[in-house]
Each structure stands twice: as C-alpha cells, then as structure tokens.
Amino acid sequence: MSLLSVHRVSKSFRGLKAVAEVSLDVPQGGIVGLIGPNGAGKTTLFNMTAGVYAPDSGEIVFDQSRIQGLRPDQVCAAGIGRTFQIVKPFAGLSVLDNVIVGGLQREASVPGARRLSLQILEKLGLAAKRDLPAAALTLPDRKRLEVARALATRPRLLLLDEVMAGLRPTECDLLVEVFRDINRHEGLTILLIEPVMRAAMTLARQIVVLHHGEVIARGAPGEVVRDPAVLECYLGEETEV
C-alpha cells in the first residue's frame with residue numbers, strides 16, 4: 001500500500017513548467033530515490049509535498065488524505081518530516097535545543113522532547129556535541145543535525161533533500177546505515193533526493209528519474225542506471241550499454 005501518492009502534479013513559475021504531470025508512489029516502509037540533473041524539478045516536487053507550494057494541478061495523497069494546499073506546519077503535523085538542501089539550524093541554540101524544537105511537535109513536555117532528542121542524537125553520532133552551539137558545527141555535523149531535527153518530529157514519511165551532498169564517502173556510508181537501520185527497525189518511509197549516486201543507488205529500493213520536470217524512468221536501481229533515456233540526460237548523448 002502506498003503511504004504517499006503523487007498523481008499528475010504540475011507546477012509552473014512565470015510560465016516555466018518546473019514539474020509536468022509527475023506521478024509517483026512511495027510504499028509504506030519503502031525507500032524511494034528521486035534523481036535527475038540540476039533543474040529537473042526534484043526540489044519543487046518536494047516543496048509541493050511539504051506544503052511550501054500548492055500544485056497548479058494534480059493530487060498529492062498522504063495516508064489516504066489529500067494534502068495539496070496544506071501549510072508546511074499542517075503537513076508536518078500529518079506525519080511528513082523534511083530536510084533542506086541549505087541547512088540553517090538555530091545558530092544561537094545548542095545542538096540539543098535545536099532538536100528539542102522539533103521534538104515539541106509531538107511531545108507534550110520539554111523533558112519528553114529532551115529524552116527523544118538525546119536518543120536521536122545518539123543514533124546520529126552527535127550526542128557528544130549536544131551542548132555545543134549549532135554555529136560551531138562542521139558541515140557534515142550540520143547535515144546530521146538537520147536530519148536529527150526532522151526525525152524529532154516523529155514523521156511517518158521523511159523527505160531527505162541532498163543530505164549527503166558535500167560529504168566524504170565514509171560520512172555518506174555512515175548516514176546510509178543510519179537510514180537503513182531506522183527504516184528496518186522503526187518502519188520509517190523515506191523519499192530522498194540525492195546527487196551522490198553511490199548513496200542513492202545503495203539506499204533506495206526504487207528510483208524515479210526526473211528530467212525537465214517529467215518522469216523519464218522508474219524502477220530498481222540496477223535497471224535505471226542502464227536506461228538509455230537516463231544515460232542520455234546525464235551524459236548529454238545517446239549511450240549504448
């Protein structure tokens with residue numbers, strides 16, 4: 001059963017069609033990767049799912065309820081958490097307090113949100129830095145903090161927007177294992193945009209490829225990387241396999 005269904009969704013900005021009748025399904029407990037060249041419409045699709053933009057047409061259904069047009073806070077309350085490409089933690093707050101802010105979405109008290117936040121920081125390898133100001137973190141640690149803040153909202157669906165971009169291979173591998181573990185043991189459903197192809201192909205069970213706002217391929221990672229349309233959009237020319 002699909003937890004998220006996007007049906008023929010479109011969005012234009014000043015006459016430029018960023019997303020054109022895109023449809024995709026994310027099964028309950030699944031991990032789906034959304035890939036494509038820069039400007040393909042990936043983040044626009046995320047933003048419509050998360051409530052930043054309302055689609056011009058089409059339907060977005062989460063847990064059998066239409067969510068297109070809801071505000072971001074309403075989408076979060078419904079059970080969708082997300083990260084952002086450009087991480088902007090509350091620089092003046094500690095690492096722990098940043099996560100507590102997210103935890104208060106579900107927890108009724110600060111002590112409850114604190115306990116939850118400490119557990120999440122432990123999973124992400126940030127527990128030792130919980131009292132540092134967020135501004136003092138390196139980029140890899142800020143990326144992990146971004147994930148921690150999203151997880152603290154206790155989402156059923158997590159939207160990951162380029163969380164591994166700019167990380168070293170070993171750092172990517174650690175995050176991939178964290179997401180696999182959470183997916184396996186907690187049933188968290190994940191939809192990710194990931195330019196680090198090695199990470200996307202390792203983590204996702206299904207890949208959807210966008211190009212110029214349209215879906216050009218979908219399927220298992222091993223199938224998608226051999227698709228002539230995918231090779232052409234990435235390499236700029238037809239390629240024989």
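Keep in mind the model is a prediction, meaning the values are calculated, not measured.

Quick look at the side chain of Arg82 now. Structurally, Arg82 is set in strand E6 (residues 80–82). Look at Arg82 and you get buried, because its relative accessible area is 13%. Excluding residues within four positions of it along the chain, Arg82 makes contact with Phe46, Asn47, Ala50, Val52, Ala150, Leu158, Leu159 and Asp161.

Okay, the environment of Val196 next. Looking at the secondary structure, you find Val196 in the loop between strand E8 (189–193) and helix H7 (197–203). With a relative accessible area of 23%, Val196 lands in the partly exposed category. A sequence separation of 124 residues divides Val196 from Pro72, and the C-alpha atoms of the two residues are 27 Å apart. If we ignore the near neighbours within four places in the chain, the residues touching Val196 are Met164, Ala165 and Cys172.

For the rest of this paragraph, the subject is unusual backbone geometry. Although it is not a glycine, Arg14 adopts a positive phi angle of roughly 50°. On the secondary structure map, Arg14 appears in the loop between strand E1 (2–13) and strand E2 (16–27).

Once that is clear, we can look at the nonpolar core. Of all hydrophobic cores here, the largest spans 44 residues; its most connected members are Leu124, Leu151, Leu158, Met164, Phe179 and Ile190. At six residues, the largest contribution of residues to this core is made by helix H6 (residues 169–186). For Leu151, the residues in contact, after removing those within four places along its chain, are Ile120, Leu124, Leu158, Ile182 and Leu188. Membership of the second largest hydrophobic core comes to 26 residues, among which are Leu4, Leu34, Ile67 and Leu159.

Pairing of strand E3 (residues 31–35) with strand E9 (residues 206–211), which is carried by four bridges, proceeds in the parallel orientation. When the bridges of E9 are listed, Ile35 appears paired with Val209. Relative to strand E10 (residues 214–219), E9 is paired through five bridges, and the arrangement is antiparallel. Its bridge partner being in E10, Val209 is matched across the sheet by Ala217.

The rules behind these values
Residues numbered from 1 in each chain as written. Predicted model: local features only at pLDDT ≥ 70, side-chain atom pairs only at ≥ 80, totals over all residues. Heavy atoms only, no water. Helix = DSSP H or I, 4+ residues; strand = E, 2+ residues; numbered from the N terminus. Buried < 20%, exposed > 50% of the residue type's maximum accessible area, 1.4 Å probe, protein only. Contact = heavy atoms within 4.5 Å. Core = buried A, V, L, I, M, F, W, Y, C linked by side-chain atoms within 4.5 Å. Pairing = 2+ DSSP bridges.

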